[in-house]
Amino acid sequence: NDQTRANNVALGSQANLAPPDIQARFQPLVGNVDSPFRSNLAFGKVSFNAGASDLIDASGYYRRENEERDFGGQTSAESANKIVNGVWNVQVKNSLVSGSYISDTTLSYNDYRWNPQPVNPGQIGLNYENALRIGGGNNHQDFNQKRLTVREDFTLLSLKGLGDHIVKTGAYVNVNNYDVHKFQNDNPEFDFNANPALGGFAFPYQAFFGFGNPDIS
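Computed from a predicted structure; not experimentally measured.

Caption draft 1: Here's a closer look at the overall build of the protein. What the protein contains, in helices and strands, is one helix and 11 strands. Overall, the protein shows an N-to-C arrangement of helices and strands of β-α-β-β-β-β-β-β-β-β-β-β. In terms of overall size, the protein is more extended than a compact globule, its C-alpha atoms giving a radius of gyration of 28 Å where 217 residues would be expected to give roughly 17 Å. Each principal axis of the C-alpha distribution contributes one length, and for the protein these read about 90 × 35 × 30 Å. Residues classed as buried in the protein amount to 30% of the 217 residues present. Contacts in the protein between residues far apart in sequence, at least 24 positions, make up 65% of those at least 6 positions apart. Here the protein has roughly 12,700 Å² of accessible surface; of this, 54% comes from carbon and sulfur atoms.

Here you go:
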């Protein structure tokens, strides 16, 4: 699934107060700008009889998306983020039936990743308030979840004792692993305000820069 969407980038009300060289940089960045979206999807299932009363089902799916977004309005496409979102899953189920019991055993594995990052990580972010934000974005994260699950559903048939009975029992084991990195503001951002008391558009009045250990797994 390939799509090319568009976001409108427009100058704010105080863009005319920016220095001429900055205004010149603004101009090529305004208007309708492409926002590409790409998606790949696959899935499948196979069933076969391992024996007269033994059925095995195997299935899986895969999905991966790439998207450039988080721009428009008074945020230029230079500040966009590339969102990588992917997941895949494999599951195998064994159903065994006999005259005295039924056993359903399921094994599944799931891997999910969410990874936003700036389209232009090498460009420092410059936010001219009420005018336009230019330069690279600052949303940089990497989240990966892996999960292994084993499930057993067991049914005992025709149990004798004060009548006929059916007994159901089961067990469930779930193992999760999380790998999380947050690089928030590892690409610096400088904020400018037209108010002369705050330095005008010539000098930033505040800055954001993240540092330290990004691993919060």
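Caption draft 2: A nonpolar patch on the surface, seen in detail. A cluster of nonpolar side chains, Y62, W88, V90, V92, L107, L148, V150, V173 and V175, forms an exposed patch at the surface whose accessible area comes to about 720 Å². For the nonpolar patch, the elements supplying multiple residues, two or more each, are β4 (81-97), β8 (141-160) and β9 (164-182). Considering every element that reaches the nonpolar patch, the biggest residue donor is β4, with three residues. When you line up the elements, W88 lands in strand β4.

Caption draft 3: Molecular detail of the confidence of the model for the protein. Per-residue pLDDT for the protein averages 91, and the proportion of residues at 70 or more is 99%. Within the protein, the lowest mean pLDDT, 89, falls on β9, and the highest, 96, falls on strand β7 (residues 132-134).

Caption draft 4: Molecular detail of the pattern of salt bridges. Using the criterion set out here, one finds seven salt bridges in the structure. A salt bridge links R25 to E78; the nearest nitrogen and oxygen atoms lie 3.2 Å apart. With a gap of 53 residues between them, R25 in helix α1 (residues 20-26) and E78 in the loop between β3 (54-69) and β4 connect regions that are remote in the sequence. Judged by its relative accessible area of 16%, E78 falls in the buried class. As a salt-bridge pair, D153 and R151 come within 3.2 Å of each other at their nearest N and O atoms. Overlapping salt bridges bring together R5, E67, R69 and D70 as one network.

Basis of the calculations
- For every chain, the first residue of the written sequence is number 1, and numbering continues from 1 along that sequence.
- Since the coordinates come from a predicted model, pLDDT governs what is reported: local features require at least 70, and pairs of side-chain atoms require 80 or more to be given and counted, while whole-chain, interface and lining totals use all residues.
- Side-chain descriptors were evaluated using all non-hydrogen atoms of the structure, hydrogens and water having been removed beforehand.
- Put simply, DSSP H or I for four residues or longer makes a helix, DSSP E for two residues or longer makes a strand, and each gets a number counted from the N terminus.
- Our radius of gyration looks at C-alpha atoms and nothing else; its globule reference is 2.2 Å times the residue count to the power 0.38.
- Classification of residues uses two cut-offs on accessible area relative to the type maximum, computed with a 1.4 Å probe and protein chains only: under 20% is buried, over 50% is exposed, and between them is partly exposed.
- It only takes one pair of heavy atoms within 4.5 Å for two residues to be counted as in contact.
- Surface accessibility follows the Shrake-Rupley procedure with a 1.4 Å probe radius. Residue values consider only the protein chains on display as shielding.
- Patch membership requires more than 30% relative accessible area and the absence of a salt bridge. Residues of like charge join within 9 Å; the nonpolar side chains Val, Leu, Ile, Met, Phe, Trp and Tyr join within 5 Å.
- The term salt bridge refers to a pairing of a side-chain nitrogen on Lys or Arg with a carboxyl oxygen on Asp or Glu at a separation within 4 Å.
- For every residue, the predictor reports its confidence as pLDDT, a number between 0 and 100.

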